[in-house]
Amino acid sequence: MASIIVQLLIIGTLQGGIYALAAFGLALIFGVSNVLNLAHGQFLMLGGLFSYILFMATKWNPLLLSLILIPLFFGLGFLFERGLVRPLLERKGHELVIASILVTLGASLAIEDITSFFWGPEEKGISYMMPSIQMGSMVISSIRLLGLLFIVLLTVAVHLFLKKTYTGRALRATTQNRQGAMLMGVNTFRIGSITFGIGTILASAAGVFYVILFTITPFIGIPLSIKYLCIIVMGGLGSLYGSLLGGLILGITEAITGYFAPHWSETAAFFILVAILLIRPKGLLG
Amino acid sequence: MLQVQDVSVCYGDIQALFNLTLQVETGEIVTLLGSNGAGKTTTINTISGILHLRQGAILFDGKSIHQMTPFRIVEHGLIQIPEGRMLFPDMTVFENLQMGAYSIRARENRQETLDWVCHLFPRLMERFPQLAGTLSGGEQQMLAIARGLMSKPKLLMLDEPSLGLAPLLVAELFKIVSQINQHSVTILLVEQNAVQALETAHRGYVLENGKIILHGKSSDLIQNDHVRASYLGI
Ligand SMILES: Nc1ncnc2c1ncn2[C@@H]1O[C@H](COP(=O)(O)OP(=O)(O)OP(=O)(O)O)[C@@H](O)[C@H]1O
Ligand SMILES: [Mg+2]
């Protein structure tokens, strides 16, 4: 029993870590641009797909392959902002929110169609074997542990970037007061593009872990985007770190309910969301 | 140093500034007086590049700046301390000051600037690790000024810095404005607090309904009948 609990906690934390990573990216983007990016889940799907393609071609460790994706997805997110999001920023308030939902949803559908056209609609997964770790009577998958380590390292790296660098501080300043940041000399438009780049890296990295742990199809993107929106609402809109907590809670809940009552795991997630919002209307850290 | 020439600004269809002309010479303190809704904030937001002008030109150090983005204008040393402070509430006092020194221009000798700022505002130094959003109103205003100074202004524009401060603090604030000016920073001071603004400034402009209706030496404006009736309550 103890072994099962530990396994569930590991898989729950890993699953939660995947949620947290991608949701953190979405929270950064929303904080800086006030744009609800419904294409976020597509970048996760594409991250998974690209690492699958690279893995099939090389058979290298998929976690190492993910390092190649970092500059690629930074560029993709950066250009996505420049091309599709920047023109919307002339609009204000709810007009901006609605316009951003329409444009990013449109982009999502296009990405979904293109990927299923070129790479087919079937499920893809990477089954990469690594020697397991034996601890007493427990066997722990080392690729899962390594995945967790990667997630923690990435999160810490983004955290240090936000705290210690000029650009990172400017990013946080922009989320807190856009005009104030501009008046300090921050090019808030450039910060917007950089933030999309970083957010997209986080989504694609989550995609790498996703394709190792589960399988991907071209159709997972939009439902995932919606799940990430729920997570950042649960964490508190405008709170960057609330999304990490929200993601972890969701992942662990899903893993535990998924084991004991598989059909209820998705529902449990939404129960938790509603419960948290009833108790704390502004989210966990909002 | 700063020349605003025949500038008109609109919000949509509503015109807020009409053929506004003013100038600030190096080393001066100039005050821009006006009651609520006169167009003071509109004026300095236009100078800062936040708003776009419909007509006219703005020159700073001889260069035309009215086509520039706000962040480029900051790199030229033209800094605004905005109405409502616009601090970064979830960042510490120290991080807010670091953000002040964000521009490339301000990053050089930022330690010296910080020493000077701490000398002007010793209270802030004790509060470096505190979140800016948890400071008192007076402390927040001091932080806003300190953050602006960290940007190494050649010309500093302050938008109603005395708003919401207790009388004692207001007196201290105007003293600090003079001290900053003695440190060779030119100042454009937007105020409703006409008495103290005119005592501190060398010259003044009076703005009503988006038009400059009067300008001159502070000592002359204090004697002016219209100013006395409308702004000094005499
Ligand atoms: N964003 C805006 N949209 C439309 N009209 C605006 C906007 N901002 C200001 N105005 C209008 O422009 C005029 C000048 O406003 P401004 O904020 O410049 O006044 P002010 O002199 O700074 O006043 P206060 O002392 O109250 O700050 C006002 O009539 C105001 O209603
Ligand atoms: Mg104003």
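Structure: see above.
Note that the structure is a prediction, hence the values are computed from the model and not measured.

### A few points about the overall build of chain A
Okay, so step 1: Scanning chain A for helices and strands turns up 11 helices and two strands.
Okay, so step 2: By its C-alpha atoms, chain A is 60 × 45 × 35 Å across when sized along the principal axes.
Okay, so step 3: Here chain A holds 286 residues, and 54% of them are scored as buried.
Okay, so step 4: Here the analysis covers contacts within chain A between residues at least 6 apart in sequence; of these, 78% occur between residues at least 24 apart.
Okay, so step 5: In the structure as shown, chain A presents an accessible area of about 12500 Å², 72% of it carried by carbon and sulfur atoms.

### Thoughts on the pairing of strand E7 (residues 155–159) of chain B
Residues and elements named next belong to chain B.
Okay, so step 1: Along E7, five of the five residues are buried, which leaves the element largely enclosed by surrounding structure.
Okay, so step 2: Inspection of the sheet shows E7 paired to strand E8 (residues 186–191) by five bridges, in the parallel sense. Within the sheet, the bridge partner assigned to Asp 159 lies in E8 and is Val 190.
Okay, so step 3: For the crossover that starts at E7, traverses helix H8 (residues 167–182) and ends in the parallel E8, the hand is right-handed.

### Details of the sheet that holds strand E10 (residues 211–217) of chain B
Residue and element names in this part refer to chain B.
Okay, so step 1: Spatially, the six strands line up as an open sheet ordered E6-E7-E8-E3-E9-E10, and their pairing is mixed. This sheet does not close on itself; its edge strands, each paired only once, are strand E6 (78–81) and E10. With direction set aside, neighbouring strand axes in the sheet form an average angle of 15 degrees.
Okay, so step 2: Of the strand pairs in this sheet, strand E9 (residues 203–208) and E10 are connected by six bridges, and their pairing is antiparallel. Considered in E10, the bridge of Arg 203 is made with Lys 217.
Okay, so step 3: Sheet strands in contact with H8 are strand E3 (29–33), E7 and E8, and its direction is about 155 degrees off that of E8.

### Observations regarding the environment of Ala 20 of chain A
Residue and element names in this part refer to chain A.
Okay, so step 1: Inspection of the secondary structure puts Ala 20 in helix H1 (residues 2–33).
Okay, so step 2: Each C-alpha atom, one on Ala 20 and one on Gly 185, is 32 Å from the other, the two residues being 165 residues apart in sequence.
Okay, so step 3: Setting aside anything within four residues of it in sequence, one finds Ala 20 in contact with Ser 243, Leu 244, Gly 247 and Leu 248.

### Concerning the coordination of the magnesium ion (ligand 2)
Residue and element names in this part refer to chain B.
Okay, so step 1: Around the magnesium ion (ligand 2), the protein contributes the donor atoms Thr 41 (OG1) and Glu 83 (OE), at 1.9 to 2.4 Å from the metal centre. Here Thr 41, found in helix H1 (residues 40–48), pairs with Glu 83, found in the loop between E6 and helix H3 (93–100); they are 42 residues apart in sequence, far enough to count as distant.
Okay, so step 2: Owing to a relative accessible area of 23%, Thr 41 belongs among the partly exposed residues under this scheme.

### Regarding the layout of surface pockets
Okay, so step 1: Estimates place the volume of the largest pocket at around 800 Å³.
Okay, so step 2: Looking at the largest pocket, it is lined by 26 residues, and the ones nearest its centre are Leu 89, Lys 92, Arg 178, Met 182 and Phe 189 of chain A.
Okay, so step 3: Among the elements of the structure, H1, helix H4 (93–119), helix H6 (166–176) and helix H7 (178–183) of chain A are those that each provide at least two residues to the lining of the largest pocket.
Okay, so step 4: Residue composition of the lining of the largest pocket, grouped by class: 10 nonpolar, 11 polar and five charged.
Okay, so step 5: In this structure, the second largest pocket encloses a volume near 330 Å³.
Okay, so step 6: For the second largest pocket, the lining is made up of 17 residues, of which Gln 176, Gly 238, Ser 239 and Leu 240 of chain A together with Asp 90 of chain B are closest to its centre.

### Re the pattern of salt bridges
Okay, so step 1: Across all of its chains, the model carries 10 salt bridges over all chains by this definition.
Okay, so step 2: Among the salt bridges present, the one from Lys 227 of chain A reaches Glu 254 of chain A, with a minimum N-O distance of 3.1 Å. Within this pair, whereas Lys 227 of chain A is found in helix H9 (residues 221–235), its partner Glu 254 of chain A is found in helix H10 (residues 242–260), the two being separated by 27 residues in sequence. The same class applies to Lys 227 of chain A as to Glu 254 of chain A, namely buried.
Okay, so step 3: The residue Glu 28 of chain B makes a salt bridge to Arg 203 of chain B at a minimum N-O spacing of 2.6 Å. Of the two residues, Glu 28 of chain B sits in the loop between strand E2 (14–24) and E3 while Arg 203 of chain B sits in strand E9, which places them 175 residues apart along the sequence.
Okay, so step 4: By relative accessible area, Arg 203 of chain B is classed as buried at 17%.
Okay, so step 5: Taken together, the shared-partner salt bridges connect Arg 123, Arg 127 and Glu 139 of chain B into one network.

### As for the site of ligand 1
Residues and elements named next belong to chain B.
Okay, so step 1: In the neighbourhood of ligand 1, 13 residues make up the surrounding shell, with Lys 40, Thr 41, Thr 42, Glu 83 and Glu 160 lying closest.
Okay, so step 2: One of the side-chain nitrogen or oxygen atoms of Tyr 11 is found 3.4 Å away from a nitrogen atom of ligand 1.
Okay, so step 3: Between ligand 1 and the protein, one listed contact pairs an oxygen atom with a side-chain N or O atom of Lys 40 at 2.7 Å.
Okay, so step 4: Burial of ligand 1 by the protein amounts to 58% of the accessible area it has alone, namely 640 Å².
Okay, so step 5: At three residues, H1 tops the list of elements feeding residues into the shell around ligand 1.
Okay, so step 6: Across the shell around ligand 1, the residue classes tally to three nonpolar, seven polar and three charged.

Cut-offs applied
- Residues numbered from 1 in each chain as written.
- Chains lettered and ligands numbered in written order.
- Predicted model: local features only at pLDDT ≥ 70, side-chain atom pairs only at ≥ 80, totals over all residues.
- Heavy atoms only, no water.
- Helix = DSSP H or I, 4+ residues; strand = E, 2+ residues; numbered from the N terminus.
- Buried < 20%, exposed > 50% of the residue type's maximum accessible area, 1.4 Å probe, protein only.
- Contact = heavy atoms within 4.5 Å.
- Areas by Shrake-Rupley, 256 points an atom, 1.4 Å probe, with all protein chains shown as cover.
- Pairing = 2+ DSSP bridges.
- Right-handed = clockwise from strand over helix to strand, strands pointing away.
- Axes fitted to C-alpha atoms, helices over the stretch in contact; angles between N-to-C directions.
- Donors = N, O, S within 2.8 Å, 3.2 Å for Na, K, Ca; no water.
- 1 Å grid on protein atoms, 1.4 Å probe; cavity = no way out; pocket = protein on both sides within 12 Å on 5 of 7 lines; lining within 4 Å.
- Points joined across faces, edges and corners; volume = space filled by probe spheres on them.
- Nonpolar A, V, L, I, M, F, W, Y, C, P; charged D, E, K, R; others polar.
- Salt bridge = Lys/Arg side-chain N within 4 Å of Asp/Glu carboxyl O.
- Near = heavy atom within 4 Å.
- Polar contact = N/O pair within 3.5 Å; in protein donor to acceptor, adjacent residues only side chain to side chain.

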